[in-house]
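# Report on the structure
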Amino acid sequence: MVNMNPFAAMTNLSKKYGDIYRLQLGTVKTVVVSSMRLIRKVLIEQGADFGDRPNFMRYNILFSNDRGNCTLSVSHHCFISPFVVLQHNQQQKTLAFCDWSRVQKTRRALARRFCHTGIYGDKITTAIGRSEVQLLKTLQQDMETFGCAEKRLKLNIQKACASIFFDFFCSEIIEDWESDQDFLQAVQKFDEIFWEINQSHPTDVLPGLAPLFRSHLNQVAGMGKSIRDLVVRRIIEPHMERLDKDNLEDFVDILLAHLEEAEPESMLTMDQVLFELEDFLGGHSAVSNLVGRAIVEIATVPGLSKTIYEQHFEMGNKDYILAVIYETLRKTSSPIVPHVASADAYLDGYLIEKGTMVIINNYELNTSPGCWNEPHLFIPERFLTESGKFCKPSHFIPFSNGRRACMGYQLVEKVTADLILGIIKNFDITPTCNPNILPQSCVAIHPE
Ligand code: HEM
């Protein structure tokens, strides 16, 4: 099973050992849950007991915060290179990979309104509109230069999504993607980070192997630095100078106003604010990879591009494109970030000790013939009622559920739909690549 998709391998084990079983992964005690009944318990009914995240060395390296020369430090003084020594629990600075805490509640509360595309509908629509013009122009140029837009398709979609997110969250309009070196570097680094956090690595469960992976871990340490420089210099500093607390223009203003106005016991630190902003800006990588995957899927189903066009633009069915997005997520079998028991707790009668990692294995729920008709095929209609309304079965939860659920799903739906529709309206999509060669159980497409 070593070469298998790990989620498929864990599904095989569940056939033998049941919907809940223990695994010892290196030094990490792990429990795998596979049925919807148990997944619901972990995420919702007993969400308070399972709200923490694994403390992987890579996450700590990635979310360090030395803006100078990348000299960081590790809890157990694990020496990786002359330049990198890690610090304990740097990952508590990030929203998505920290343990559950009062700080986490504050972080989520600050971002909630901004993730609501209804409340900030005009701002996101304007940002998408601005970026789409540049995307279509760039794709057209590539068509003229290379005869097809495939060569740089992923990169162009990344730039489009990044400029939407910079515009929406920070009011930072990227006028010219190609000449803005800061921006281009941030796009590349965000994508590398997204790929990295979507992969597992031997040091996650065997941190003692770190010296064997020095070069990779040093690379990981460098990934966030250029992004942090850009965020501080181009976004935080100018926002601090012009902050008007009576007129909060964007998410950065909301975060900075919090630093001045919150009660001391619930106030975030400047570092936490900076990392929260980076977490949300980084969401663009998830969207761009998803758009890329959807385009590949659409290309390989004969006539689908035309059907999307007809449904959306001619028949006015706005739900069809949503069904395409959810079918892409299903076929990818987009995984859920592992949780960790924050206290000793009983799950289905078994004692799960504090600190145990809980893998929520949704692979079978996303891909099995027991849950879906012809699951290997791309059929958006499975997410539509007879009258064409979007309808998602309750066992399909690509954005998870409960207190750690994804905060960005509305943005994902809106940006992904608008970009795909923009491309379909202006270009023919024909297949050159088989979607089955893309990695499974992972939205990310390799940065190369
Ligand atoms: C392809 C697109 C995306 C998918 C499939 C996705 C899915 C997920 C999943 C499964 C989780 C883990 C939930 C859990 O552990 O129970 C998560 C967490 C999170 N997502 Fe997303 N996400 C996507 C894009 C985004 C975007 C664009 C943003 C923000 C703009 C975002 C913000 C977050 C945040 C902040 C968390 C951490 C929540 C927490 O730990 O408290 N996501 N996402």
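Residues numbered from 1 in each chain as written. Predicted model: local features only at pLDDT ≥ 70, side-chain atom pairs only at ≥ 80, totals over all residues. Heavy atoms only, no water.

### Some thoughts on the coordination of the iron atom of the ligand
For clarity, the cut-off: Nitrogen, oxygen and sulfur within 2.8 Å of a metal are treated as its donors, or within 3.2 Å for sodium, potassium and calcium (Na, K, Ca); water is not counted, so a site can appear incomplete. Numbering goes from the N terminus for both helices and strands, where a helix is a DSSP run of H or I of at least four residues and a strand is a run of E of at least two.
Looking at the iron atom of the ligand, one finds just one donor atom contributed by the protein, Cys 406 (SG), at 2.3 Å. Mapped onto the fold, Cys 406 is located in the loop between α14 (363-367) and α15 (409-426).

### What about the layout of surface pockets?
For clarity, the threshold we go by: The definitions used throughout rest on a 1 Å grid laid over the protein atoms alone, on which a cavity is an enclosed set of points accommodating a 1.4 Å probe that cannot get out and a pocket is an open set flanked by protein within 12 Å on both sides along at least five of seven lines; lining residues are those having an atom within 4 Å of a point. Grid points are joined across faces, edges and corners, and a volume is the space filled by probe spheres set on the points. Polar here means any residue other than Ala, Val, Leu, Ile, Met, Phe, Trp, Tyr, Cys and Pro, which are nonpolar, and Asp, Glu, Lys and Arg, which are charged; Gly is therefore polar.
One number sums up the size of the second largest pocket: a volume of about 860 Å³. What lines the second largest pocket is a set of 33 residues, and nearest its centre among them are Ala 149, Glu 150, Lys 151, Leu 153 and Lys 154. For the lining of the second largest pocket, the elements supplying multiple residues, two or more each, are α5 (121-146), α6 (153-170), α7 (181-197) and α11 (270-300). Tallied by class, the residues present in the lining of the second largest pocket amount to 18 nonpolar, 7 polar and 8 charged.

### Comments concerning the pairing of strand β2 (residues 28-33)
Definition in use: Accessibility here uses a 1.4 Å probe with only protein chains present; expressed as a share of the type maximum, an area under 20% marks a residue as buried, one over 50% as exposed, and anything in between as partly exposed. Any two strands between which DSSP finds at least two bridges are classified as paired.
Of all 6 residues in β2, 5 are buried, a share of seventy percent or more. In this structure, the hairpin formed by strand β1 (residues 20-25) and β2 is closed by a connection of 2 residues, where Gly 26 is found at a positive phi of approximately 60°. Both β2 and strand β8 (residues 357-360) contribute to a ladder of 4 bridges, which runs parallel. Bridged to Val 32 within β8 is Ile 359.

### Quick notes on the confidence of the model for the protein
We count it as follows: Each residue carries a pLDDT value, the predictor's own confidence for that position, ranging from 0 to 100. Here, two residues are considered to be in contact whenever any of their heavy atoms come within 4.5 Å of each other.
Per-residue confidence for the protein gives a mean pLDDT of 90; residues scoring 70 or more make up 92%. Note that pLDDT drops below 50 for residues 65-87; the model gives that stretch 61 contacts with residues more than four away or on any other chain.

### What to know about the sheet that holds β8
Strand-to-strand pairing in sheets goes through backbone hydrogen bonds, with the strands running parallel or antiparallel. Here is the rule: To get an axis, fit a line to the C-alpha atoms, keeping to the stretch in contact for a helix; angles then go from 0 to 180 degrees between the N-to-C directions.
Within the open sheet, the 4 strands sit side by side as β1-β2-β8-β5. Their pairing is mixed. Single-partner strands in this sheet number two, and they are β1 and β5 (339-340). Against the sheet, helix α1 (residues 6-17) touches β1, β2 and β8, its axis set at about 130° to β1. The strands that helix α2 (residues 36-45) touches are β1, β2, β5 and β8; relative to β8, the one it contacts most, it runs at about 130°.

### Observations regarding the packing of α11 against helix α13 (residues 319-332)
Keep this limit in mind: If an angle is under 35 degrees, it is roughly parallel; if it is over 145, roughly antiparallel; if it lies from 65 to 115, roughly perpendicular; otherwise it is oblique.
α13 packs onto α11 with a crossing angle of 95° between their chain directions and a minimal axis gap of 10 Å. Here α13 runs roughly perpendicular to α11, going by the angle between their axes. Where α11 abuts α13, its residues Leu 290, Arg 293, Ala 294, Glu 297 and Ile 298 lie against Val 324, Ile 325, Thr 328, Leu 329, Lys 331 and Thr 332.

### Examining the packing of aromatic side chains
The condition is simple: Each Phe, Tyr or Trp ring (for Trp, its six-membered ring) is paired with any other whose centre lies within 6.5 Å, and the angle between the two planes then decides the class: stacked below 30 degrees, edge-to-face above 60, tilted in between. Here, over-ring charges are defined by two tests on the NZ atom of lysine or the CZ atom of arginine: distance to the ring centre within 6 Å, and angle to the ring normal within 35 degrees.
What the rule picks out here adds up to 25 aromatic pairs. Relative to Phe 168, the ring of Phe 114 has its centre 4.9 Å away and its plane inclined at 45°; by these criteria the two rings are tilted. Separated by 54 residues along the polypeptide, Phe 114 in the loop between α4 (102-112) and α5 and Phe 168 in helix α6 bring together distant segments of the chain. Taking relative accessible area as the criterion, Phe 168 reaches 1% and is therefore assigned buried. The rings of Phe 114, Tyr 120, Phe 165, Phe 168, Phe 169, Phe 251 and Phe 280 are connected pair by pair, giving a single aromatic cluster. Sitting over the face of the ring of Trp 372, Arg 330 holds its NZ or CZ atom 5.2 Å from the ring centroid.

### Thoughts on the side chain of His 395
Mapped onto the secondary structure, His 395 falls in the loop between α14 and α15. When near neighbours in sequence (up to four residues on either side) are disregarded, His 395 contacts Met 36, Leu 365, Cys 371 and Trp 372.

### Things to note about α5
Definition in use: The length a helix should cover is 1.5 Å for every residue beyond the first.
Compared with an ideal rise of 1.5 Å per residue, which puts 26 residues at 38 Å, α5 spans 36 Å between its outermost C-alpha atoms and is within 8% of the ideal. Within the span of α5, buried status applies to Gly 121, Ile 124, Ala 127, Ile 128, Ser 131, Glu 132, Gln 134, Leu 135, Leu 136, Thr 138, Leu 139 and Asp 142. Looking at the packing, one finds that the buried side of α5 touches α6 and α15. Looking one or two places after α5, you find Gly 147, whose phi comes out positive at around 85°.

### Observations concerning the nonpolar core
Selection rule: The term nonpolar core refers to a set of buried residues drawn from Ala, Val, Leu, Ile, Met, Phe, Trp, Tyr and Cys, joined through side-chain atoms within 4.5 Å.
Grouped together as the largest cluster of nonpolar side chains are 107 residues, with contacts concentrated most on Phe 166, Phe 169, Leu 277, Leu 281, Ile 308 and Val 415. Looking at this core element by element, the count peaks at 13 residues for α11. Setting aside residues up to four positions removed in sequence, Phe 169 forms contacts with Phe 114, Asp 250, Phe 251, Val 252, Phe 280, Leu 281 and Leu 411. Ranked by size, the runner-up nonpolar core spans 18 residues in total, among them Val 33, Leu 38, Ile 352 and Ile 360.

### A look at the pairing of β8
Within a regular strand, the side chains alternate between the two sheet faces. On β8, burial covers both faces: Met 357 and Ile 359 on one face and Val 358 and Ile 360 on the other are all buried. Pairing of β5 with β8 involves 2 bridges; the strand directions are antiparallel. Bridge pairing in β8 places Val 340 opposite Met 357.

### Some thoughts on the site of the ligand
The line we're drawing: Residue proximity to a molecule or strand is established when one non-hydrogen atom of the residue lies within 4 Å of it. Polar contact is the term for a pair of N or O atoms within 3.5 Å; when the atoms are in protein, one must be able to donate a hydrogen and the other to accept it, and sequence-neighboring residues count only if both atoms are side-chain atoms.
Taken together, 28 residues surround the ligand, and among them Arg 53, Arg 108, His 339, Ser 400 and Cys 406 come closest. Within the contact set of the ligand, an oxygen atom lies 2.7 Å away from a side-chain nitrogen or oxygen of Arg 108. Of all the secondary structure elements, the ones that give two or more residues to the shell around the ligand are α4, α11 and α15. Grouping the amino acids of the shell around the ligand by side-chain chemistry returns 19 nonpolar, 6 polar and 3 charged.

### As for the UniProt feature "binding site: heme" (unreviewed entry) in the protein
Using the following cut-off: UniProt positions are given in the numbering used here, feature names are shortened, and annotations may be inferred rather than shown by experiment.
As recorded in UniProt, the sites labelled "binding site: heme" (unreviewed entry) are Cys 406. Cys 406 gets classed as partly exposed once you look at its relative accessible area, which sits at 34%.

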